[in-house]
Amino acid sequence: MNALNGLLSAFGREDLERLHHLRQRRRAARAATAGQRTTGQVVADGVATLVGSWHFIIGQSVLLGLWISANVLGWVGAWDPYPFILLNLVLSFQAAYTAPIIMMSQNRQADIDRERAKQDYDVNLKAELEIELLHQKIDLLREQEIARLTRMVEDLTNALAAVKNAPPAPLPPPDAAR
């Protein structure tokens with residue numbers, strides 16, 4: 001109970017409630033992190049990772065080059081002549097499906113970033129409260145030290161006054177010194 005009273009005197013009730021709230025949020029964040037991703041989230045992250053890679057860009061560029069070359073040179077018969085309407089359809093189809101999937105992944109990442117920002121805020125708030133507590137402890141130690149030094153100065157002043165007001169101590173007889 002002494003420790004609680006000490007905390008109550010160092011921190012206000014509001015600060016202790018804030019610390020309790022921070023601890024509860026930390027536990028809830030740990031529990032949420034432990035949860036597994038859904039199949040849709042795994043697929044969205046995989047597609048976003050694949051489509052956003054240099055391997056995909058290079059591979060798609062090679063395929064587009066082969067498609068256009070095959071149709072311009074007419075290697076296997078021009079199944080998609082010059083305006084490349086079929087190629088446009090394929091690329092539009094790819095964009096129509098990948099864009100929303102990438103947006104799902106970005107939204108999930110934004111949620112993760114938002115949660116991390118909340119955790120950073122909580123850490124900063126807790127650090128601020130702990131720094132405030134340390135300042136209070138240092139101030140208390142400083143006050144105690146000043147009070148102790150003041151008592152010592154008073155004791156020395158009283159001792160000096162007592163020595164000044166006291167009759168001089170008798171000197172030992174000269175024979176005793178030999």
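Everything below is about the structure shown above.
This report concerns the structure included in the present document. Note that the structure is a prediction, hence the values are computed from the model and not measured. (Residues numbered from 1 in each chain as written. Predicted model: local features only at pLDDT ≥ 70, side-chain atom pairs only at ≥ 80, totals over all residues. Heavy atoms only, no water.)

**Regarding the overall build of the protein**
- In terms of regular secondary structure, the protein is built from 6 helices and 0 strands.
- Secondary structure elements in the protein, listed N-terminal to C-terminal, are α-α-α-α-α-α.
- For the protein, the residues scored as buried account for 13% of the 178 residues in total.
- Considering only contacts in the protein between residues 6 or more positions apart, those separated by 24 or more positions represent 58%. (Helix = DSSP H or I, 4+ residues; strand = E, 2+ residues; numbered from the N terminus. Buried < 20%, exposed > 50% of the residue type's maximum accessible area, 1.4 Å probe, protein only. Contact = heavy atoms within 4.5 Å.)

**Regarding the packing of aromatic side chains**
- Inspection of every chain in the model, using the stated rule, returns 3 aromatic pairs.
- Residues Trp67 and Trp79 carry aromatic rings whose centres are separated by 5.7 Å and whose planes lie at 75° to one another, so their mutual orientation is edge-to-face. Separated by 12 residues along the polypeptide, Trp67 in helix α4 (residues 54–73) and Trp79 in the loop between α4 and α5 (85–165) bring together distant segments of the chain.
- Judged by its relative accessible area of 43%, Trp79 is partly exposed.
- Geometrically, the ring pair formed by Tyr82 and Phe84 is edge-to-face, given 5.8 Å between the ring centres and 70° between the ring planes.
- Residue Tyr82 is classed as exposed on the basis of its relative accessible area of 68%. (Phe/Tyr/Trp six-rings, centres within 6.5 Å; stacked < 30°, edge-to-face > 60°.)

**Things to note about the pattern of salt bridges**
- Going through the model one piece at a time under the given rule, you end up with 5 salt bridges.
- When the shortest N-O distance is used, the salt bridge between Arg114 and Asp111 registers 2.7 Å. Taken together, the residues span about one helical turn, with Arg114 and Asp111 both in helix α5 at a distance of 3 residues.
- Overall, Asp111 belongs to the partly exposed group, its relative accessible area being 43%.
- The closest approach of N and O atoms between Arg148 and Glu145, which form a salt bridge, is 2.8 Å. Taken together, the positions of Arg148 and Glu145, both in helix α5 and 3 residues apart, correspond to about one turn of that helix.
- Here the salt bridges do not stand alone but share partners, grouping Arg37, Asp45 and Arg108 into one network. (Salt bridge = Lys/Arg side-chain N within 4 Å of Asp/Glu carboxyl O.)

**Re the side chain of Thr98**
- Along the chain, the position of Thr98 falls in helix α5.
- Taking the relative accessible area as the measure of exposure, Thr98 reaches 17% and is therefore buried.
- Looking at Thr98, its side chain comes within polar contact range of the main-chain oxygen of Gln94, at 2.8 Å. (Polar contact = N/O pair within 3.5 Å; in protein donor to acceptor, adjacent residues only side chain to side chain.)

**Considering α5**
- The terminal C-alpha atoms of α5 lie 116 Å apart, and with 81 residues this matches the ideal 120 Å at 1.5 Å per residue to within 8%.
- The set of residues buried in α5 consists of Leu87, Thr98, Ile101, Ser105, Arg108, Asp122, Leu125, Leu129 and Leu133. (Expected span 1.5 Å × (residues − 1).)

**Things to note about the packing of α4 against α5**
- Contact pair α4 / α5: the axes reach a minimum separation of 11 Å and the direction vectors enclose 160°. Taken together, the axis directions place α4 and α5 in an arrangement best described as roughly antiparallel. Considering how the two elements wind past one another, α4 and α5 form a crossing that is right-handed. Two secondary-structure elements touch here, α4 through Phe56, Gln60, Leu64, Trp67 and Ile68 and α5 through Leu86, Leu87, Val90, Leu91 and Gln94.
- Here the contact of α4 with α5 is composed, by residue class, of 8 nonpolar, 2 polar and no charged. (Axes fitted to C-alpha atoms, helices over the stretch in contact; angles between N-to-C directions. Parallel < 35°, antiparallel > 145°, perpendicular 65-115°, else oblique. Left-handed = near helix turned anticlockwise from the far one by under 90°. Nonpolar A, V, L, I, M, F, W, Y, C, P; charged D, E, K, R; others polar.)

**Examining the side chain of Asn71**
- When you line up the elements, Asn71 lands in helix α4.
- The buried category is assigned to Asn71, whose relative accessible area is 6%.
- Each residue touching Asn71, except ones within four places of it in the same chain, is listed here: Ala78, Trp79, Asp80, Pro81 and Phe84.

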